[in-house]
Amino acid sequence: MATAKTDFKDYYSVLGVSKTATPEEIKRAYRKIARKHHPDLNPGDEEAEAKFKDLNEANEVLSDPEKREKYDRFGQYWNQPNYTEAPTPRETNTGNGFDQYGDFDAFINDLLGRSQRRTSSDGFRSQAPAPDTEAAIVLTFSEAFHGVQKRLQLDNATINVRIPAGAKTGSRIRLKGKGRPSPFSQQRGDLYLTIELLPHSFFHFEGDRFVCNVPIRPDEAVLGAEINVPTPDGSVTMKVPKGLQTGQSLRLRGKGWTLPKGGRGDLFAKLQIVTPQDLNAIEQECYEKIQANTSFNPRIHLEEIKL
């Protein structure tokens, strides 16, 4: 009889969450720690690479309700891939449900939601399709915008993958035949990669919109102006019409995110009016004259409001 391994991984400890953590808490914890240990941010750091691999493994199980329930129930047997005999009651806690499995491969398949061998009507055994594998991959905005070649580690296999330009958070890439092998046929299933983008200091997405926040002065908002705005491939001049308000957006056509089928989307520049903090003498005098002579009252509509 094969002996059980003792290198059991506590996926909750890996993600730094409690066993009662909600799916949202697990998702937040994974994103936070994955960014810290991403190999691209820790080049040559084998410890960070190993930690990142464990994080992906933990997230794959704990983010799936069915897998998580079975992991909570049979977690001590998770890393026993070569166990081929059903454990005796002395080897397991009685009443844990493990004795319903004929062997450990059957238990692992059920745990991971994999199909087992089926018996056809003619009495021959047929192989079920190889299981698919889910994994997350974290990219910078630059990598996702331009496209990038990545080298991934799945178990003991190294996989080279090309991420096409235009990927966004939530995008999924299918790598046919690059998943984990079937425990019966050793045929590999497909690998599905879910994209996660690291935050950028200037650009962000609001739904499908590619957005940047652009500060402007009060006089530029009142009188209009021409200002320089960064885009993914360089600065452009944008005309600000007079009378714009904070929060209004201007569209820069063809200056946004790479489209999967080619070309570029639009960039939306959201304007934020910023008041000066340190005025020189001339500025102070001009603002005082405006205040003394203006008839504009932005709060006129509030005068009749009451409970």
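Residues numbered from 1 in each chain as written. Predicted model: local features only at pLDDT ≥ 70, side-chain atom pairs only at ≥ 80, totals over all residues. Heavy atoms only, no water.

With an unreviewed UniProt entry as reference, the protein chain is termed J domain-containing protein, source organism Phormidium tenue FACHB-1050.

Peer 1: Explain the sheet that holds strand β8 (residues 203–206) to me, please; I cannot follow it from the model alone.
Peer 2: Strand pairing within a sheet occurs via backbone hydrogen bonds; the two strands may be parallel or antiparallel. Read across the open sheet, the 4 strands follow the order β8-β9-β13-β12; overall the sheet is mixed. In this open sheet, the two edge strands, each paired with only one partner strand, are β8 and β12 (249–252). Within the sheet, the average angular offset between the axes of one strand and its neighbour, ignoring direction, is 40°. Sheet analysis places strand β9 (residues 209–216) next to strand β13 (residues 267–273), joined by 7 bridges and oriented parallel. (Pairing = 2+ DSSP bridges. Helix = DSSP H or I, 4+ residues; strand = E, 2+ residues; numbered from the N terminus. Axes fitted to C-alpha atoms, helices over the stretch in contact; angles between N-to-C directions.)

Peer 1: Teacher, can you tell me more about the side chain of Lys150 here?
Peer 2: Examined against the element boundaries, Lys150 turns out to sit in strand β4 (residues 148–154). Looking at Lys150, its side chain comes within polar contact range of the side chain of Glu143, at 3.1 Å. The contact partners of Lys150, leaving out residues within four places of it in the chain, are His38, Asp40, Ile137, Leu139, Glu143, Ile159, Asn160, Val161 and Ile163. (Polar contact = N/O pair within 3.5 Å; in protein donor to acceptor, adjacent residues only side chain to side chain. Contact = heavy atoms within 4.5 Å.)

Peer 1: When you look at helix α8 (residues 281–293) in this model, what are you seeing that I'm missing?
Peer 2: Given 3.6 residues per helical turn, the α-helix brings residues three or four places apart onto the same face. Here α8 contains 13 residues, and its C-alpha end-to-end distance of 18 Å stays within 8% of the 18 Å for a straight helix at 1.5 Å per residue. The opening residue of α8 is Asn280, an N-cap whose side-chain oxygen sits 3.1 Å from the backbone nitrogen of Ile282. (Expected span 1.5 Å × (residues − 1).)

Peer 1: Which parts of the structure should I look at to understand helix α3 (residues 46–62)?
Peer 2: In this model α3 runs 24 Å from its N-terminal to its C-terminal C-alpha over 17 residues, within 8% of the 24 Å that 1.5 Å per residue would give. Every buried residue of α3 is accounted for by Ala48, Phe52, Leu55, Asn56, Glu57, Ala58, Asn59, Glu60, Val61 and Leu62. Put simply, Asp45 is the residue that caps the front of α3, since its side-chain oxygen is 3.1 Å from the backbone nitrogen of Glu47. (Buried < 20%, exposed > 50% of the residue type's maximum accessible area, 1.4 Å probe, protein only.)

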